[in-house]
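# Working through the structure, step by step
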Amino acid sequence: MRGVVGLLLAWTVAVLSAQPLMDDFFGGFDSQHGWSWGVPRNAPANTHDPARVGFTAEHLQITAQAGTLYQGVNSIRNLPSVSVPALRGVWVLETRVRLTRGGASGGYIQAGLVAFRDADNYFNLHLVYLPDQNYALSVSGGHEQAGVYGWAGLSGAVWSPSAGDTVRLMVRYEPDTGRVRVFYDREDGMHWREFTGSPRPLSDFPALQAVAQSGGQIGLYVDLGGGGGSPAPVATFDYLHILSDYHPADVNCDGIVDDADLLQVLFAFGVQRCNHPADINGDGTVDDADLLQVLFSFGAR
Ligand SMILES: [Ca+2]
Ligand SMILES: [Ca+2]
Ligand SMILES: [Ca+2]
């Protein structure tokens, strides 16, 4: 009886907690998230150039290469992304990126988060070197709808790269107000600061709205912004974090509890680790309690 009560309690706790998607890039992509290099309407459709992508023990590193999503050019390279179902509840997209300029100049060299349906419908939030301000750093956002690019009307402080070339970037949607808020932390001790131009109605960014309402891709990118020179800039990503009210038993965060989630629990059976996605009830062990949660929730969205 005590076991049944414990199980019910654990199940209740799990139902109340959202399932985040988190990849820390520990030596590679976490295979359960199904990372892809594909970008619809881009040429090449598979943007991966292995010579430009690598991993340290805890980071993804992408060396900038000519190519961009800008307007109809659609030639970006090395844009990894994960596929997400429609986002639910209070959802959050977050990354941490360092961008070194190397010997490049002449453009808005940038790196950050991008949410897209395809190469002509996206929203990005980025760290950027400003060529008209002696390559000081700042943060900004851009978006494209049906191939027409526009500044997203989001800006932040301007600072010297010698004061730090790493930021955390966050997009957060608040369903109570229907607004998107964007924040950055340049790790100078001031923590999260809201962008100038935030909050905004989600409808201000149609491509982001489309991803949120219908699903799409959430990715990481670096773009020379029309500049060039060597050595090439390098973007170093620490993690990608996506928070949405996925069902707790939706281990792979694809919008449905099904056999794929069951397999992930089975493959991880017996694993003891903090924050393992297959540890649905969050007790530190993947075991039969987690398996039961998948079975009880089979077919749920
Ligand atoms: Ca485009
Ligand atoms: Ca699933
Ligand atoms: Ca467990």
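Reading guide: rules and limits
- Residues numbered from 1 in each chain as written.
- Chains lettered and ligands numbered in written order.
- Predicted model: local features only at pLDDT ≥ 70, side-chain atom pairs only at ≥ 80, totals over all residues.
- Pairing = 2+ DSSP bridges.
- Helix = DSSP H or I, 4+ residues; strand = E, 2+ residues; numbered from the N terminus.
- Axes fitted to C-alpha atoms, helices over the stretch in contact; angles between N-to-C directions.
- Contact = placed C-beta atoms within 7 Å.
- Domains from an automatic or database assignment.

Attention shifts here to the sheet that holds strand S4 (residues 81–84). The six strands are arranged S4-S14-S6-S7-S8-S9 in an open sheet whose pairing can be described as antiparallel. Across the chains shown, the open sheet's two edge strands, defined by having one partner strand only, are S4 and strand S9 (148–155). Averaged over all neighbouring strand pairs, the angle between strand axes comes to 25°, with direction disregarded. Where strand S6 (residues 110–118) lies against strand S14 (residues 216–223), seven bridges are found, and the strand directions are antiparallel. Considered in S14, the bridge of Val-114 is made with Gly-219. Strands in contact with helix H2 (residues 206–214) are S6, strand S7 (121–130), strand S8 (136–145) and S14; relative to S6, the strand with the most contacts, it is inclined by about 60°.

A few words on the domain arrangement of the protein chain. Here the protein chain is partitioned into domain 1 (39–243) and domain 2 (248–296). The centre of domain 1, based on its C-alpha atoms, is set 31 Å off from the matching centre of domain 2.

A separate point is the environment of Gly-226. Among the structural elements, Gly-226 can be located in the loop between S14 and strand S15 (234–243). As a C-alpha pair, Gly-226 and Gly-106 span 120 residues in sequence and 6.9 Å in three-dimensional space. Setting aside its immediate chain neighbours within four residues, Gly-226 contacts Gly-106, Gly-107 and Tyr-108.

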